[in-house]
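Okay, here's what each chain looks like letter by letter:
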Amino acid sequence: MRALILAATAVLTAPGLALAADAAPAGAINWVGPYSVLVAGFAMAFAAGLCALGQGRAVASAVDAMARQPGAAARIQTAMIIGLALIESLAIYVLVVAMILLFVQPIK
Amino acid sequence: MEVIEHPPIFRLPGIPDHVTYTWIVMIVLAGLAFVASRNVQLVPRGLQNFFEVVLEQFQQLIDDVIGPEGRPFLPFIATLGLFILLTNLMSLVPGMNGPTTSLNTTAACAVIVFFAYHWIGARKQGALTYLAHFAGPVPLALKPLMFVIEIISHLARPLSLTLRLFGNMFGGHVLIAIIFFLMGFDGLLGWALSGSPIGIVGGGLGTTVMIAFTVGFLYPLKILVSFLQAFIFVMLTMLYISGAIEEAEHHGSEHHGGEHQPAHH
């Protein structure tokens, strides 16, 4: 299993390493560039998954509360929407960092 | 970002895009307000009626979150809300470059909110009392630590407002750009228009699927996100203002971030 993961990583990053070797400025370490793309992808996937778990819990509690007290459904729904947007904003921060890694490329 | 840059319908020379389109939104909003308030009648009709409904909704929100002492802030909050809503929706229109897809506009709105709620709190309670409330209901030994933590969390608020609005709007932009430019929409369209029978079938099918997916699913999602993000921005502004002007005995509930329920109703 570990060998499989190592082989997959090597296969996926080998073209990036070849590309980076072509564009090497004199004396600079440029093997960080391809790995930043990899990290951006994994970070976004991780953040999206955890955000989904958090939002699932929030919606589940909100729906339970609405079933228990249908009269308060409007206020519970407002609080649920605010809670969902706040949880989602954490994944959006990771998206911003991923976009910085992909497009602004601070380390080439 | 060169791969997803596409110039909007018109740009003024020497002025950045987000400034130009902010001016357009300002002209639109000011023009609508002027037209709606020209012959103010007791029984509203037409545009005045529509705007009275909109402002009534904002008034309802303010009453729910801040309470009746929040009414003087209705112009500020309604302007912020309508501006962000219109600029978000403008980024959906194909020929235009929405201002909120740039970090400058969202940071400007967040900085305005930051200074506004501190000024409102300091004006209501007096500057020194307001600052003393930062220390919280903790024993005297812990007050300096609490003060520092509170300062950091207050500084995190405009940052989170900025990044939330920017990330949602720009993320939608990047998504559309990826669907169209990087998934080969132009290639499929060229294949369909090349005239070969396989090209027409395959390219036409691919093009139709992409257009149906974008117009049928992504655009309604982006419209929802525009409304939701404007609503969240305005709601958080109101929560910060209500946190700044509340009295000392409810101070303990101020640390719970955005899930604040004011106790005076």
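Caption draft 1: Highlighting the overall build of chain B. Broken down by element type, chain B carries eight helices and zero strands. In terms of overall size, chain B is more extended than a compact globule, its C-alpha atoms giving a radius of gyration of 23 Å where 265 residues would be expected to give roughly 18 Å. Counting across all 265 residues of chain B, residues that qualify as buried make up 26%. Within chain B, counting contacts between residues at least 6 apart in sequence, those at least 24 apart form 63% of the total.

Caption draft 2: Spatial organisation of the confidence of the model for chain A. All names here are of chain A. Here chain A averages 81 in pLDDT, while 76% of its residues score no lower than 70. Confidence scores differ between elements of chain A, with helix α1 (residues 2–22) showing the lowest mean pLDDT of 58 and helix α2 (residues 32–68) the highest of 93. Predicted confidence for residues 18–24 stays below pLDDT 50, and this span has five contacts to residues more than four positions away or in other chains.

Caption draft 3: Looking closely at the interface of chain A and chain B. With 10 residues of chain A at the interface, the matching set in chain B holds 12 residues. Here the side of chain A that touches chain B is composed, by residue class, of eight nonpolar, two polar and no charged.

Caption draft 4: Highlighting helix α2 (residues 46–65) of chain B. Residue and element names in this part refer to chain B. Between its first and last C-alpha atoms α2 spans 29 Å; for 20 residues at 1.5 Å apiece the expected length is 28 Å, and the two agree. Every buried residue of α2 is accounted for by F58, L61, I62 and V65. Buried residues in α2, looked at end-on, bunch into an arc of 100°, giving them a common side. For α2, exposure combined with an orientation more than 90 degrees from the buried face picks out G46, V53, E56 and Q60. Following α2 by one or two positions, G67 has its phi on the positive side, about 100°.

Caption draft 5: Examining the environment of Q125 of chain B more closely. All names here are of chain B. Within the secondary structure, Q125 is located in helix α4 (residues 103–125). C-beta crowding within 10 Å serves as the criterion here: with 18 such atoms nearby, Q125 is assigned to the partly exposed category. Distance in space between the C-alpha atoms of Q125 and E246 is 9.1 Å, their sequence separation being 121 residues.

Caption draft 6: Highlighting the confidence of the model for chain B. Looking at chain B, pLDDT values average 84 and 91% of them are 70 or higher. For chain B, helix α7 (residues 185–193) of chain B is the element with the lowest average pLDDT, namely 79, and helix α3 (residues 74–90) of chain B is the one with the highest, namely 93.

Caption draft 7: Summary view of the packing of helix α6 (residues 143–182) of chain B against helix α8 (residues 197–245) of chain B. All names here are of chain B. For the pair α6 and α8, interaxial distance at closest approach is 11 Å and the crossing angle is 175°. In terms of axis orientation, α6 runs roughly antiparallel to α8. Facing R157, L161, L165, N168, G172, L175, I176 and I179 of α6, the residues of α8 in contact are M210, T214, L218, K222, V225, Q229, F233, L236 and Y240. Of the residues contributing to the contact of α6 with α8, the split by class is 11 nonpolar, four polar and two charged.

Caption draft 8: Quick look at the nonpolar core. All names here are of chain B. In this structure, I62, F233, M238 and I241 are the most contacted members of the largest nonpolar core, which totals 46 residues. Looking at this core, the element that brings in the most residues is α8, giving 11 residues. Not counting residues up to four positions away in its chain, the partners in contact with I62 are G70, R71, F73, L74, I77 and M238.

Caption draft 9: Main features of the packing of α2 of chain B against α8 of chain B. Residues and elements named next belong to chain B. Across the interface, α2 lies against α8 with an axial gap of 10 Å and an inter-helix angle of 40°. On the basis of their axis angle, the class for α2 and α8 is oblique. Relative to α8, the crossing made by α2 is right-handed. Of the residues in α8, those in contact with L61, I62 and V65 of α2 are M238, L239 and S242.

Caption draft 10: Region of the structure containing the environment of I107 of chain A. For I107 of chain A, the position within the fold is in the segment after α3 (73–104). Note: C-alpha distance between I107 of chain A and P34 of chain A (73 residues apart in sequence) is 9.8 Å.

Conventions adopted
Residues numbered from 1 in each chain as written. Chains lettered and ligands numbered in written order. Predicted model: local features only at pLDDT ≥ 70, side-chain atom pairs only at ≥ 80, totals over all residues. Helix = DSSP H or I, 4+ residues; strand = E, 2+ residues; numbered from the N terminus. Rg over C-alpha atoms; globule rule 2.2 N^0.38 Å. Buried ≥ 20, exposed ≤ 12 C-beta atoms within 10 Å, placed from the backbone. Contact = placed C-beta atoms within 7 Å. pLDDT = per-residue confidence, 0-100. Nonpolar A, V, L, I, M, F, W, Y, C, P; charged D, E, K, R; others polar. Expected span 1.5 Å × (residues − 1). Arc of directions from axis to C-beta. Axes fitted to C-alpha atoms, helices over the stretch in contact; angles between N-to-C directions. Parallel < 35°, antiparallel > 145°, perpendicular 65-115°, else oblique. Core = buried A, V, L, I, M, F, W, Y, C linked by C-beta atoms within 7 Å. Left-handed = near helix turned anticlockwise from the far one by under 90°.

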